[in-house]
Amino acid sequence: MTMPDVDRVAASRAAVAARRARAAIKASLARGERTASDVFLVARIDADSVEASLRVTDFLLNVPALGEKKVSALMTTLGISPRKRLGALGRRQRDALQDFLETRARARGERTRPRVVVLAGPTAVGKGTVVSRILSDYPEVHMSVSATTRAPRPGEVDGVNYFFVSPEEFDRLIDDDELLEWAVVHGTHRYGTPRGPIEQSLRDGVCVLLEIDIQGARQVKAHMPSARTVFLEPPSWEELSRRLESRGTEHIDERMRRLETAREELAARLEFDVRVVNDDVTRAAAQVVDLMGLTKEH
Ligand code: 5GP
């Protein structure tokens with residue numbers, strides 16, 4: 001059977017886009033804007049990422065100071081065939097390549113951890129649970145506390161869960177450029193990330209975790225390309241609706257609005273650097289932690 005013309009055009013457009021995306025990653029590696037460990041980390045965690053579709057040889061040849069000879073010797077040592085893609089490596093090959101990259105990064109004094117990680121995802125996907133797990137296991141992470149114009153829910157504490165501010169105070173924060181990003185979420189209230197504490201953490205060399213909506217994630221990425229954006233996915237759409245239904249903290253209209261936002265957010269998942277499925281909190285938290293370059297010492 002031959003492919004209809006329209007499909008053929010779409011397929012060739014997609015192939016061109018994929019090649020361009022791969023070329024952009026290779027260029028940023030070659031320019032030293034992204035480290036090899038960072039690109040490999042994304043490939044390992046997300047099999048659908050552009051990073052995972054890079055051929056191992058192309059990837060290594062674009063790592064600064066790795067020449068053809070070294071790469072070919074390395075591929076032989078690791079037992080990796082030249083046409084293999086990063087996302088298709090077996091576990092042993094993956095571990096061996098990672099060991100190689102980490103040892104090399106340490107020897108060169110490279111920073112392997114992205115300092116700002118933005119966690120976003122549809123409402124009720126369980127971002128809060130994943131964040132709590134990360135903070136209890138890794139208290140050295142700085143969790144950004146957002147400002148919001150919405151009222152506190154029972155049990156929420158000002159300055160801990162959010163800075164609950166009036167619309168006038170929020171206007172002032174915007175005017176004085178005190179927010180790194182801000183957005184109207186679920187079509188109702190405004191939420192924003194205070195800039196000061198994040199800049200302070202970065203100066204102190206501390207990892208920062210932001211749990212914000214997708215519009216905010218876009219703005220952070222635009223201002224801070226080194227930030228790593230993570231989309232937390234529900235195991236299924238049905239499961240997400242069920243979680244939202246059973247939460248019961250919001251009125252029906254509010255729930256519908258949130259479901260609508262969730263639908264839009266799911267559609268935007270491919271814009272993120274990495275997608276992590278939240279089917280198991282421990283695993284999901286470990287993957288986010290991995291992306292920060294924080295690994296527990298045993
Ligand atoms: P909730 O009202 O349930 O606490 O939060 C609603 C949504 O607002 C969540 O999806 C959360 O990610 C988002 N959000 C919280 N803080 C911020 C922020 O500072 N900026 C942006 N853009 N979204 C935020």
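The rules we used
Residues numbered from 1 in each chain as written. Predicted model: local features only at pLDDT ≥ 70, side-chain atom pairs only at ≥ 80, totals over all residues. Heavy atoms only, no water. Helix = DSSP H or I, 4+ residues; strand = E, 2+ residues; numbered from the N terminus. Rg over C-alpha atoms; globule rule 2.2 N^0.38 Å. Buried < 20%, exposed > 50% of the residue type's maximum accessible area, 1.4 Å probe, protein only. Contact = heavy atoms within 4.5 Å. Areas by Shrake-Rupley, 256 points an atom, 1.4 Å probe, with all protein chains shown as cover. Lys, Arg positive; Asp, Glu negative; His and termini not counted. Charge placed at Lys NZ, Arg CZ, Asp CG, Glu CD. Expected span 1.5 Å × (residues − 1). Arc of directions from axis to C-beta. Pairing = 2+ DSSP bridges. Axes fitted to C-alpha atoms, helices over the stretch in contact; angles between N-to-C directions. Near = heavy atom within 4 Å. Polar contact = N/O pair within 3.5 Å; in protein donor to acceptor, adjacent residues only side chain to side chain. Salt bridge = Lys/Arg side-chain N within 4 Å of Asp/Glu carboxyl O. Left-handed = near helix turned anticlockwise from the far one by under 90°. Nonpolar A, V, L, I, M, F, W, Y, C, P; charged D, E, K, R; others polar.

Moving on to the overall build of the protein chain. A count of helices and strands for the protein chain gives twelve helices and nine strands. In terms of overall dimensions, the protein chain is globule-like: its C-alpha atoms have a radius of gyration of 21 Å, near the 19 Å expected for 298 residues. Seen along its three principal axes, the alpha-carbon backbone of the protein chain occupies a region of about 60 × 55 × 40 Å. Residues classed as buried in the protein chain amount to 43% of the 298 residues present. Taking all contacts inside the protein chain whose residues are at least 6 apart in sequence as the whole, residues at least 24 apart take part in 67%. Surface accessibility of the protein chain: about 15800 Å² in total, with carbon and sulfur atoms responsible for 52%. Where the 46 positive side-chain charges of the protein chain centre and where its 45 negative ones centre are 9 Å apart.

Between its first and last C-alpha atoms helix H5 (residues 91-107) spans 24 Å; for 17 residues at 1.5 Å apiece the expected length is 24 Å, and the two agree. For H5, the set of buried residues is Gln93, Leu97, Gln98, Leu101, Arg104 and Ala105. With its buried residues spanning 135 degrees around the axis, H5 presents them on a single face. For H5, the exposed residues set more than 90 degrees away from the buried face come down to Arg91, Arg92, Arg106 and Ala107. Where H5 is buried, its residues touch helix H2 (36-45), helix H3 (56-61) and helix H4 (68-78). One or two residues past the end of H5 sits Gly109, with phi positive at roughly 65 degrees.

A separate point is the environment of Gly32. Here Gly32 lies in the loop between helix H1 (5-30) and H2. A C-alpha to C-alpha distance of 8.1 Å links Gly32 and Val63, two positions 31 residues apart in sequence.

Moving on: the environment of Arg257. Mapped onto the secondary structure, Arg257 falls in helix H11 (residues 252-267). The partly exposed category is assigned to Arg257, whose relative accessible area is 33%. When the C-alpha positions of Arg257 and Gly187 are compared, they lie 7.7 Å apart, and in sequence the two are 70 residues distant. Contacts of Arg257, omitting those with residues within four sequence positions, involve His186 and Thr188.

Bringing the sheet that holds strand S7 (residues 208-211) into the picture now. Within the open sheet, the five strands sit side by side as S2-S7-S1-S8-S9. Their pairing is parallel. Strands with a single pairing partner mark the edges of an open sheet, and in this sheet they are strand S2 (142-143) and strand S9 (274-277). In this sheet, strand S8 (residues 228-233) lies alongside strand S1 (residues 116-120) in parallel orientation, the contact comprising four bridges. By the bridge assignment for S8, Leu119 is matched with Val230. Taken strand by strand, helix H8 (residues 195-203) contacts S1, S2 and S7, and its axis lies near 150 degrees from that of S7.

Now for the site of the ligand. The environment of the ligand is formed by 17 residues, the closest being Ser146, Arg150, Tyr162, Tyr191 and Asp213. Interatomic distance of 2.7 Å between a side-chain N/O atom of Ser146 and an oxygen atom of the ligand. Side-chain polar atom of Arg153 to an oxygen atom of the ligand: 2.9 Å apart, as the coordinates give it. Within the complex, the protein chains bury 94% of what would otherwise be the 520 Å² of accessible surface of the ligand.

This structure, assessed with the given rule, holds 22 salt bridges. Note that Lys127 is salt-bridged to Glu211, the shortest N-O span being 3.7 Å. Note that Lys127 is positioned in helix H6 (residues 127-137) and Glu211 in strand S7, a separation of 84 residues in sequence. The shortest N-O distance in the salt bridge between Asp279 and Arg283 comes to 2.6 Å.

In terms of residue burial, S1 counts as a mostly covered element, since five of its five residues are buried. With burial as the criterion, each face of S1 is covered, one bearing Val116, Val118 and Ala120 and the other bearing Val117 and Leu119. Bridge count for S1 against S7 is four bridges, and the pairing is parallel. Directly across from Leu119, in S7, lies its bridge partner Glu211.

Running from N to C, H6 and helix H12 (residues 281-292) cross one another at 60 degrees; their axes reach a closest spacing of 9 Å. As H6 runs across H12, the sense of the crossing is right-handed. Along its contact with H6, which presents Thr129, Val130, Arg133 and Ile134, the element H12 presents Val281, Thr282, Ala284, Ala285, Val288, Val289 and Met292. Residue classes in the contact of H6 with H12 are distributed as eight nonpolar, two polar and one charged.

Right, let's talk about the sheet that holds strand S3 (residues 146-148) for a bit. Spatially, S4-S3-S6-S5 is the arrangement adopted by the four strands of the open sheet, whose pairing is mixed. The open sheet is flanked by strand S4 (162-164) and strand S5 (179-185), the only strands paired with a single partner. Pairwise comparison of adjacent strand axes, ignoring direction, gives a mean angle of 25 degrees for this sheet. Bridge count for S3 against S4 is three bridges, and the pairing is parallel. When the sheet's bridge partners are listed, Ala147 is paired in S4 with Phe163. Relative to the sheet, helix H7 (residues 167-175) contacts S3, S5 and strand S6 (189-194), its axis offset from that of S6 by approximately 40 degrees. In the packing of H8 onto the sheet, the strands contacted are S5 and S6, and the crossing angle to S6 comes to about 25 degrees.

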